[in-house]
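Spelled out from the first residue to the last, the chains are:
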Amino acid sequence: MNSFTISARRLLASLGALTLCAMCDAANVDYFADNGYGNPVSTMQHPAAEHFNGVTYVAYSGPHEDPYIAAYVHATGQWIGPVQAGINTMGKSPDQVDAGELDNHGRPALVVDRQGYIHLVFGAHGGDPSFGENKFGTPGKGRLTHVVSQKPGDITAWKTLENISPFGTYTQWVKLANGDLYLFYRHGSHRSDWVYQKSTDDGRTFTPEVSVIKHKQSAGKPTVDDSWYAWFDNGNGDTITASYVYHPCANPGHSNLRINTYYMLMDCRDGSWTNVQREQLTLPVTKESADKLTLIQATGTEKSQHGTCHVDADGRPHVYFRFPHGGVRYFRWDGKAWLQPTTVADASGGGHDGDFIIDSPLKIRMLLDQNQEGTGAVGWWNTNDGGRTWARGANVFSLKDAGFEVTTLVRNAHPDARMLVAGKMSDQEHLYHHMYLIGDHGALGRPEAEASHLGDRLELIKAMAKGSPKKDAKRKKKAGLNDDEP
Ligand code: ZN
């Protein structure tokens, strides 16, 4: 598109806005950025967004898999950014057209500290072996990187803080009410412990890593390692919950099997962990102690994947896990036992993912993505009977010929901005995706020219991608690989 076209369109848009509608902007598009790259967001690296002092900050992988951040000012309805906040050392140049070439594990997780500084951690799938010995597992790729905004509430300038381990992936920020920050992550590639580092000074210094869930050779199985996929978030008061699944990893090699569901929680006052019955756990939790003390359900050979977990006013956990062949299943502890899990949304229409809100122990709302006959939608699923039955509620946002990648709910969300999502069109020859911030009034859009950040990248990609049978073959071979896997 040449500059004349843009000018003409802008002019027409302005005229349209003046003559047709004084309030709305006819040129608005639903997305706030067009430069989400690869699999730009996930529920695993979380949160990807936070509402703080009237502004919702959102972070995702952009060009070169670098972390990008944008800010939506609720009072004025204006967007700022996106801007690049750092460099992902796993990024590749030039732009890739083969999805299998991207790692995706280096997506950013975002938190705003008490003073309003914004922090992102990103950029690793384990951490490069050149950083030395990984005391908690196997190294991998990239460098776990922590950047902070140079000023509170200002996304335009960033600096790197070298105060966390270079080894890691699946970064997850938990912020307590008193402002203490906990950075949870897997300390390396898939055969590694899950650890946290704690900061009581707004992310300027962190404690050394504390191992929470241990990887090790499986008892009696020399070619299997006990590994885990875990998800951490606030419980009630000064507690942090962990919901997780077991990964019997083939060593050497890898397998994509994940089974069972587990739950436990930490008392942040003394760093102790207990199971749901409040029996003390010895850290790090092993496969043996997890099976004995923290198991929710043994799933047999049925594959389970992490979901999200929240607690109700009584401190009782509600959890969902994803079952590739069984859909989203909801689990609830009623004070005495885990109730029989129920299906929220079945597996039709591809993978569901998302997060939920507990209004009361019996009233829960899940915001999930779903693809039905080519139309991607993010919508509510509701229960009023403690999860015994679930009913499809209203769509928040939908797109024809598209699917979504979703995040967990925005921390401290404004109702207008509940979830950051990437919209992936079903037939496109490049890996760039529109990014949306959606809430109770749909997507928070902006004028098309402001949402455009790709420059001539798509033209360059088109020229590059022509006639490459080798790449096509490679793409087919790698199709279906979920980047959550290793
Ligand atoms: Zn593995």
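It should be emphasised that the depicted structure is a prediction, and the values quoted were computed from it without experimental measurement.

Cut-offs applied
- Residues numbered from 1 in each chain as written.
- Predicted model: local features only at pLDDT ≥ 70, side-chain atom pairs only at ≥ 80, totals over all residues.
- Heavy atoms only, no water.
- Phe/Tyr/Trp six-rings, centres within 6.5 Å; stacked < 30°, edge-to-face > 60°.
- Helix = DSSP H or I, 4+ residues; strand = E, 2+ residues; numbered from the N terminus.
- Buried < 20%, exposed > 50% of the residue type's maximum accessible area, 1.4 Å probe, protein only.
- Lys NZ or Arg CZ within 6 Å of the ring centre and 35° of its normal.
- Donors = N, O, S within 2.8 Å, 3.2 Å for Na, K, Ca; no water.
- Tetrahedral: all angles 85-135°; square planar, octahedral: opposite > 155°, others 65-115°.
- Pairing = 2+ DSSP bridges.
- Axes fitted to C-alpha atoms, helices over the stretch in contact; angles between N-to-C directions.

Comments concerning the packing of aromatic side chains
The final tally for this structure, using the stated rule, is 29 aromatic pairs. Measuring from centroid to centroid gives 6.4 Å for Tyr-320 and Phe-356, while their planes differ by 65°, and the two rings are edge-to-face. Of this pair, Tyr-320 sits in strand S22 (residues 317-323) while Phe-356 sits in strand S25 (residues 354-360), and the two are 36 residues apart along the sequence. Under the relative-accessibility criterion, Tyr-320 is labelled buried at 0%. Given a relative accessible area of 2%, Phe-356 falls into the buried group. Members of the aromatic cluster, connected to one another through ring pairs, are Tyr-170, Tyr-182, Phe-184, Trp-194, Tyr-196, Tyr-229, Phe-232 and Trp-273. Geometry around Tyr-117 places Arg-204 over its ring, the cationic atom sitting 4.8 Å from the centre. One Lys or Arg, Arg-258, reaches over the ring of Tyr-229 and ends 4.1 Å from the middle of that ring.

Details of the coordination of the zinc ion
At the metal site, the zinc ion is ligated by His-190 (ND1), His-247 (NE2), Cys-249 (SG) and His-254 (ND1), and these contacts range over 1.9 to 2.3 Å. Geometry at the zinc ion is irregular, judged from the 4 donor atoms that bind it and their angles of 90 to 141° at the metal. In the primary sequence, the donor residues of the zinc ion line up as H-x56-H-x1-C-x4-H. Here His-254 lies in the loop between strand S17 (239-250) and strand S18 (259-267) and His-190 lies in the loop between strand S12 (181-186) and strand S13 (194-199), a separation of 64 residues in the sequence. By relative accessible area, which is 9% here, His-190 ends up buried. On the basis of relative accessibility, which here comes to 29%, the residue His-254 falls in the partly exposed class.

Digging into the sheet that holds strand S9 (residues 141-151)
Strand order across the open sheet formed by 4 strands is S7-S8-S9-S10, with antiparallel pairing between neighbours. Only two strands of the sheet have a single neighbouring strand rather than two, namely strand S7 (109-112) and strand S10 (154-161). On average, each strand axis in the sheet is tilted by 25° relative to the strand beside it, whichever way the strands run. Alignment of strand S8 (residues 118-125) against S9, held across 6 bridges, turns out to be antiparallel. Across the sheet, residue Ala-124 finds its bridge partner in S9, namely Gly-142.

Section: the pairing of strand S6 (residues 78-84)
Judged from the 5 bridges that link them, strand S5 (residues 67-73) and S6 form a sheet pairing that is antiparallel. Residue pairing in the sheet places Ala-71 in a bridge with Ile-80 of S6. Between S5 and S6, which pair antiparallel one after the other, the connecting turn spans 4 residues, and Gly-77 there sits at a positive phi close to 70°.

Section: the sheet that holds S13
With antiparallel pairing, 4 strands are arranged side by side in an open sheet as S11-S12-S13-S14. Looking at which strands have only one partner, the edges of the open sheet turn out to be strand S11 (169-175) and strand S14 (210-213). Within the sheet, the average angular offset between the axes of one strand and its neighbour, ignoring direction, is 25°. Direction of pairing for S11 relative to S12: antiparallel, over a ladder of 5 bridges. If you follow Val-174 over to S12, its bridge partner there is Tyr-182.

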